[in-house]
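Tertiary structure, described
The primary structure of each chain is shown beneath.
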Amino acid sequence: MKALCWNGVRDLRVERVPDPEILNPKDAIVKVTMSSVCGSDLHLINGFVPSMKAGDIIGHEFIGEVVETGAGVKNLKKGDRVVVISVIGCGECQYCKEETWSLCDNSNPNGLLQEKIYQYPTAGIFGYSHLFGGYAGSHAEYIRVPFADHGAFKIPEDISDEKAVFVSDGVPTGYMAAEMAAVKPGDIVAVWGAGGVGQMAMQCAYAMGAERVIAIDRLDYRLANAARYSGADIINYEDTDVLEELKEATGGRGPDCCIDAVGMEAHTTGIEHVYDKTKQFLRLESDRAAVLRQAIAACRKGGTVSIVGVYAGLVDKIPMGLFMNKGLTIRGGQMHGQKYVPMLFDLIRREIINPEFLLTHPVSLEAGQKAYEMFNDKTNKCMRAVFKPFN
Amino acid sequence: MKTEHAIHSGKHQRKHKKEFINVNNAERLISLAAGGMLLAKHYKHPLANPIKVLTGAFLVYRGLSGNCPLYTGLDKNSNETNAINTRVIFTVNKPREEVYRYWRQLENLPFFMSHLQRVEQKNDVESEWIARIPGGVGIIKWNAEIVKEIPNELIGWQSIENSTINNAGKVEFYDAPRGQGTVLKVIFSYHPPAGALGEGVAKLFNPLFKTILKEDIRAFKQVIEAGEVATIKGQPSGRK
Ligand SMILES: NC(=O)c1ccc[n+]([C@@H]2O[C@H](COP(=O)([O-])OP(=O)(O)OC[C@H]3O[C@@H](n4cnc5c(N)ncnc54)[C@H](O)[C@@H]3O)[C@@H](O)[C@H]2O)c1
Ligand SMILES: [Zn+2]
Ligand SMILES: [Zn+2]
């Protein structure tokens, strides 16, 4: 089959590889009909997540059709149209039972490798480095889905592929961002990053009763989308002082909830960016934390900072004094998609959330390198490019 | 690495040795295992790590022949040492009775202990163990007996005197707090060589041994909780 493989930093190629096979009884094989790019892939492509190997198939946000099931698969059958959650959960460990699926004890074959860095192993993730299991990703014609009964969900007939594909990763991440931010009716919510994840967080914040959502980014087309599709007020951080602007917008108190939907490759203007870029380049700091710092500074006293933008290692200059003395709550995590899917289908059906506008560029696998360059450089008003391996 | 007192006495010292065998049996197995692994890991690019390959070859020789030229040279004998214990503690999300029952059925052990080929229970106490030596150097057999058993709480075993390799182990089972399954404490024990050289060699083995044990224990947890061991072996990639 054809698959889009990582061959080194900013080097993707389509290769001919063997078709995947059932390796364990609870596996299923899914024929991929749509597979989206995600901001997390950029961290791999730009070389900020260690343990990638040349030849790894990337991609983790996808839908498809079940073509084969292992002997231990009970809820799925050939022909089912499914969305598969990007994190893999066994369904039986303490963490899966508590619906914290991305913390699964049992789904990461490289758990010991990861334990050396994070002390405890976390769940495997499709196409997301060997630290996270080394599972082959979804930018391919077929993919093997372990623990398929738990990770693959039948898509209701009245939900289109164009919406369903983002229920794999972007939508649940946004939902969990708002949930961890403890959004309550009447809250003012600030979201850094108007990408797919940030905008899903905005829509979900409204779904939880937020009074007002403020989007912060520098890309005008994304801010325009945030206003149009996600109902947000907007701040372009290149034009103005974000902290002042947020005070202004909140009657001088600061937002109740601050969501970091940017992560370790945050871009900033001025001297802070030079500082972070240099340290990251010298490997003195692995992640650039400009957004996290700003969110902690902006948050109102007693408020909550929620982190879904991905960090991999160490950051620098976190304002602990502000966190401590303002009595903030900080939460973060990879999302627990399996927990949210049925509810998300329901919210989508009632049009309370709508991810469809994220699909700006349907492309073929062969266009992989170009599509990722476009997504990385944010050209052509790209929100997300989505591969259709069979077109 | 954790070095503790032996969980068993000096019972493992063999009384009679042929003159040219100056490496004891547990040590022989570990030599073979460590050597085989080093070789398997580095044989593809021997020039990239000649020291490891040489060490590997040496350990395999030492394990197969039972003779260590270094010991002969130094006039050291490795049979009089304290045991080194490797400990792993972990929790599985299943009731204690179930976990105990699975473990006590020794035939189950090869499902998660990657180097065990087969365990056959001869009677209530005695069993025969067959293991693959890592790196594909061969197989090794020994007999063991259950020396202590408290149902749902503890199993202790030990290789039978004069069997091919000398080792011992113990698993304790406790209830995890808040009814969240069972805590297992696993201790494996073997004899390192004596003296400064022995310590060096033990330092080489111990992390390896601990890693194997941890991998096996993780696999045990996966088998008993999830019913299968997560793997990516055999999946496609663009690697040639
Ligand atoms: N926690 C999870 O489970 C999970 C799941 C999916 C994605 N993610 C992470 O979420 C983040 C966003 O993903 P995405 O797909 O939306 O990516 P994306 O690249 O489409 O969007 C990121 C946005 O952040 C903006 N940005 C950069 N620096 C900024 C700054 N200083 N202030 C404000 N905005 C800034 C960019 O302009 C861009 O619009 C990534 O870090 C990704 O890894 C996490
Ligand atoms: Zn993602
Ligand atoms: Zn699990």
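Residues numbered from 1 in each chain as written. Chains lettered and ligands numbered in written order. Predicted model: local features only at pLDDT ≥ 70, side-chain atom pairs only at ≥ 80, totals over all residues. Heavy atoms only, no water.

**Quick word on the coordination of the zinc ion (ligand 2)**
All names here are of chain A. Rules: In this analysis a donor is any N, O or S atom within 2.8 Å of a metal ion (3.2 Å for sodium, potassium and calcium), and since water is not included, sites may seem incomplete. Runs of H or I in DSSP of at least four residues are treated as helices and runs of E of at least two as strands, each being numbered from the N terminus. Three exposure classes are used, based on accessible area relative to the maximum for each residue type with a 1.4 Å probe and protein chains only: buried under 20%, partly exposed in between, and exposed over 50%.
Listed as protein donors to the zinc ion (ligand 2) are Cys38 (SG), His60 (NE2) and Asp169 (OD); their distances from the metal cover 2.0 to 2.3 Å. Along the chain, the residues donating to the zinc ion (ligand 2) are arranged with the sequence spacing C-x21-H-x108-D. Taken together, the positions of His60 in the loop between strand S4 (56-57) and strand S5 (61-69) and Asp169 in the loop between helix H5 (161-164) and helix H6 (170-180) put the pair 109 residues apart, joining distant regions of the chain. Given the relative accessible area of 2%, His60 is considered buried.

**What about the packing of helix H9 (residues 242-249) of chain A against helix H11 (residues 290-298) of chain A?**
Residues and elements named next belong to chain A. To keep it simple, the criterion reads: Think of each axis as a best-fit line through the C-alpha atoms, taken over the contacting stretch in the case of a helix, with angles from 0 to 180 degrees between the N-to-C directions. Note on convention: the crossing is left-handed when the near helix lies turned anticlockwise from the far helix by less than a right angle, right-handed when the turn is clockwise. What makes two residues a contact is simply this: any of their non-hydrogen atoms within 4.5 Å. Under the scheme applied here, ten amino acids are nonpolar (Ala, Val, Leu, Ile, Met, Phe, Trp, Tyr, Cys and Pro), four are charged (Asp, Glu, Lys and Arg), and all others, including Gly, are polar.
It is the contact of H9 with H11, at a shortest axis distance of 10 Å, that shows an interaxial angle of 35 degrees. Crossing geometry of H9 relative to H11 is assigned as right-handed. Every residue of H11 that contacts H9 at Val242, Leu243 and Leu246 is listed here: Gln294, Ala297 and Ala298. Taken together, the residues that form the contact of H9 with H11 break down as 5 nonpolar, 1 polar and no charged.

**Some details on the site of ligand 1**
Residue and element names in this part refer to chain A. The criterion, for reference: Any residue with a non-hydrogen atom lying within 4 Å of a molecule or strand is treated as near it. Here a polar contact is recorded for every N or O atom pair within 3.5 Å, except that within protein the pair must consist of a potential hydrogen donor and a potential acceptor, and residues adjacent in sequence are included only if both atoms are side-chain atoms. Here the open area of atoms and residues is found with the Shrake-Rupley method and a 1.4 Å probe, where only the protein chains shown may cover a residue. As used throughout, domain bounds are those supplied by an automatic or database domain assignment.
In the neighbourhood of ligand 1, 32 residues make up the surrounding shell, with Ser40, Asp217, Val262, His267 and Lys378 lying closest. Taking His267, its main chain carries an N or O atom lying 2.5 Å from a nitrogen atom of ligand 1. Within the side chain of Gln334, an N or O atom sits 3.2 Å from an oxygen atom of ligand 1. Across the complex, the protein chains shield 96% of the 870 Å² of accessible surface that ligand 1 would expose by itself. Those elements giving two or more residues to the shell around ligand 1 turn out to be helix H1 (39-45), helix H7 (196-207) and strand S12 (212-217). It is H1 that contributes the most residues to the shell around ligand 1, 4 residues altogether. For the shell around ligand 1, the class distribution of residues is 15 nonpolar, 11 polar and 6 charged. Residue-level mapping places the shell around ligand 1 at the junction of two domains, with at least three residues from each of domain 1 (2-169 + 335-387) and domain 2 (171-332).

**Observations concerning the pattern of salt bridges**
Rules: Counted as salt bridges are all cases of a side-chain nitrogen of Lys or Arg within 4 Å of a carboxyl oxygen of Asp or Glu.
Enumeration according to the criterion identifies 23 salt bridges over all chains in this entry. Each of the salt bridges in this network shares a partner with another, and the network as a whole consists of Lys77, Asp80 and Lys154 of chain A.

**Side note on the environment of Arg104 of chain B**
Residue and element names in this part refer to chain B. Its place among the elements puts Arg104 in helix H4 (residues 96-104). Measuring from C-alpha to C-alpha, the distance between Arg104 and Gly169 comes to 13 Å, with 65 residues separating the pair along the chain. If sequence neighbours within four positions are ignored, Arg104 has contacts with Gln121, Asp124, Ile146, Glu149 and Ile155.

**Some details on the interface of chain B and chain A**
Put simply, the rule is: In this description, buried area is defined as the sum, over both parts, of the accessible area (probe of 1.4 Å) that is lost when the two are combined.
In this assembly, 23 residues from chain B lie in contact with 39 residues from chain A. In total, chain B and chain A occlude about 2,500 Å² of area from one another, counting both sides; carbon and sulfur atoms represent 50% of this. Of all residues in chain B, the largest losses of buried area upon contact with chain A belong to Arg218, Glu228 and Pro236 of chain B, amounting jointly to 26% of the total for that side. Across the chain B-chain A interface, the total number found is 3 salt bridges. Taking the shortest distance from any N to any O, the salt bridge between Glu115 of chain A and Lys214 of chain B comes out at 3.1 Å. For the pair chain B and chain A, the interface holds 16 residue pairs in polar contact (both at pLDDT 80 or more). Looking at the side of chain B that touches chain A, its residues break down into 5 nonpolar, 9 polar and 9 charged.

**Describing the packing of aromatic side chains**
Centre distance and the angle of the planes are the two values used to describe a pair of aromatic rings. Filter applied, for reference: Any pair of Phe, Tyr and Trp rings, taking the six-membered ring for Trp, is counted once the centres come within 6.5 Å. Such a pair is stacked with planes under 30 degrees apart, edge-to-face with planes over 60 apart, and tilted for the rest. Two thresholds decide whether a charge sits over a ring: the Lys NZ or Arg CZ must be within 6 Å of the ring centre and within 35 degrees of the ring normal.
All chains considered together, the criterion is met by 18 aromatic pairs over all chains. On the basis of an interplanar angle of 80 degrees and a centroid distance of 5.7 Å, the ring pair of Tyr142 of chain A and Phe390 of chain A is categorised as edge-to-face. With a gap of 248 residues between them, Tyr142 of chain A in strand S9 (residues 142-145) and Phe390 of chain A in the segment after strand S18 (384-387) connect regions that are remote in the sequence. On the basis of relative accessible area, Phe390 of chain A is assigned to the partly exposed category, the value being 38%. Ring geometry for Trp103 of chain B against Phe220 of chain B: centres 4.9 Å apart, planes inclined by 75 degrees, an arrangement best described as edge-to-face. With Trp103 of chain B in helix H4 and Phe220 of chain B in helix H5 (residues 195-226), this pair connects stretches of sequence that are 117 residues apart. As far as the burial class goes, Trp103 of chain B and Phe220 of chain B line up, both buried. Each residue in the set Phe90, Tyr102, Trp103, Phe112 and Phe220 of chain B is aromatic and connected to the rest through ring pairs, giving one cluster. In this arrangement the basic side chain of Lys31 of chain A is found over the ring face of Phe390 of chain A, its NZ or CZ atom lying 4.6 Å from the centre.

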